[in-house]
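Spelled out from the first residue to the last, the chains are:
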Amino acid sequence: MAIKYVERYSPVDRVLHWITAIAFALLVMTGLGLYSKALLPYMNLLGGPETAIEIHKYTGVIFFITALIMLFMHLKDTLDFDSDDAVWISRLGGYLSRDSEEPPMGKYNTGQKIYGIFAIVATIALGVTGWVLWHPDDYSIATLQWSLALHSLFFVIIGCFTLVHIYLGTIGNPGTLAGILYGEVTEAWAKKHAPKWLAKK
Ligand code: HEM
């Protein structure tokens, strides 16, 4: 029997996602060396600390713009909460037990929606604090210290979320990556992971 496919992401969605992902990886590599000398080799891969920081600033601008456009394009589905989300949370998405089933979800599951909302907050916070740190002469020492602390805090949280996102989008849930690579998922994938979204297609 022929496999049926359903469209999940437009070419614009996919290009924005991968620019955001590549920019994120570059930001991590060019930023990590600032936290510990042990992480300096990452910066050295990109031309040493001074060049790495220059790359960090301009890649930050690209990340800020593409991530926000992507996240706002998905906003309607990201904010689409109903009573099934409460069930999803009470079962922790069904991830922690073999017997617990995932309740029916729309385009995104509850975890993805929480990730999407937090990603908007974090992108804005990282952008604003990054801008302050980029122009140290224009701000007080206290503002600079707060900005550095918040920049680090938001990076650590969004970094952890993104590691989970990468795991769940690849080996954690086979068939998911195809959507963001080729634009389509199989109907069987949609029935399992996003039945309410499939029903509206
Ligand atoms: C190697 C890195 C990455 C991989 C393999 C990856 C994988 C994926 C996959 C498979 C999807 C589709 C999920 C679905 O259709 O249900 C997706 C969607 C998405 N990605 Fe990524 N991603 C990566 C990096 C990032 C980064 C760095 C961000 C932003 C900080 C990001 C933000 C999103 C968002 C907001 C969505 C839509 C909703 C969601 O699935 O949470 N991704 N990604």
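Note that this is a predicted model, so its numbers are computed, not measured.

1. Remarks on the coordination of the iron atom of the ligand
Alright, step 1. Those donors, H17 (NE2) and H165 (NE2), are the protein atoms that reach the iron atom of the ligand, and they lie 2.0 Å from it.
Alright, step 2. Angles of 86 to 179° at the metal separate the six donor atoms of the iron atom of the ligand, which places the site in the octahedral class. Placement of the pair is H17 in helix α1 (residues 11-31) and H165 in helix α7 (residues 141-169), with a sequence separation of 148 residues.
Alright, step 3. Accessibility expressed as a relative area gives 34% for H165, which makes it partly exposed.

2. Overview of the environment of P11
Alright, step 1. Of note, P11 is situated in helix α1.
Alright, step 2. Expressed as a C-alpha distance, the spacing of P11 and H151, which sit 140 residues apart in the sequence, is 31 Å.

3. Observations concerning the site of the ligand
Alright, step 1. Near the ligand you find 21 residues, and of these R8, Y9, H17, Q112 and H165 are the closest.
Alright, step 2. Contact distances for the ligand include 2.7 Å between an oxygen atom and a side-chain N or O atom of R8.
Alright, step 3. Looking at the shell around the ligand, the elements that each hand over two or more residues are α1, α3 (48-73), α6 (110-134), α7 and α8 (176-182).
Alright, step 4. When residues of the shell around the ligand are assigned to their parent elements, the largest contribution, five residues, is made by α1.

4. As for the pattern of salt bridges
Alright, step 1. One pass over the full model with this rule turns up five salt bridges.
Alright, step 2. Residue D84 is joined to K196 by a salt bridge in which the shortest nitrogen-to-oxygen separation is 2.7 Å. Taken together, the residues D84 in helix α5 (residues 83-90) and K196 in helix α10 (residues 195-199) connect sequence positions 112 residues apart.
Alright, step 3. Overall, D84 belongs to the buried group, its relative accessible area being 19%.
Alright, step 4. The residue K113 makes a salt bridge to D85 at a minimum N-O spacing of 2.9 Å. Taken together, the residues span a long stretch of sequence, with K113 in helix α6 and D85 in helix α5 at a distance of 28 residues. The same class applies to K113 and to D85, which are both buried.
Alright, step 5. Through salt bridges with shared partners, one network takes in D82, D84 and K196.

So, how was this worked out
Chains are numbered independently. Their residues run from 1 in the order of the written sequence. Local features in this predicted model are restricted to residues of pLDDT 70 or higher, and side-chain atom pairs are both shown and tallied only at a pLDDT of 80 or more, whereas totals for entire chains, interfaces and linings draw on every residue. The side-chain numbers reported here are obtained from all heavy atoms of the structure, hydrogens and water having been left aside. Any N, O or S atom lying within 2.8 Å of the metal counts as a donor, and for Na, K and Ca the limit rises to 3.2 Å; water is left out, so some sites can look incomplete. Geometry assignment treats four donors as tetrahedral when all angles are between 85 and 135 degrees, treats four as square planar and six as octahedral when opposite donors are over 155 degrees apart and all others between 65 and 115, and treats everything else as irregular. Helix and strand assignments come from DSSP, with helices taken as H or I runs of at least 4 residues and strands as E runs of at least 2, each series counted from the N terminus. Buried residues are those whose accessible area, probed at 1.4 Å on protein chains only, stays under 20% of the maximum for their type, while exposed residues exceed 50% and partly exposed ones sit between those limits. Here a residue counts as near a molecule or strand whenever at least one of its heavy atoms sits within 4 Å of it. Pairs of N or O atoms are called polar contacts if they sit within 3.5 Å, as long as, within protein, a hydrogen donor faces a hydrogen acceptor (for residues adjacent in sequence, only side-chain-to-side-chain pairs). Salt bridge, as used here: a side-chain nitrogen of Lys or Arg that lies within 4 Å of a carboxyl oxygen of Asp or Glu.

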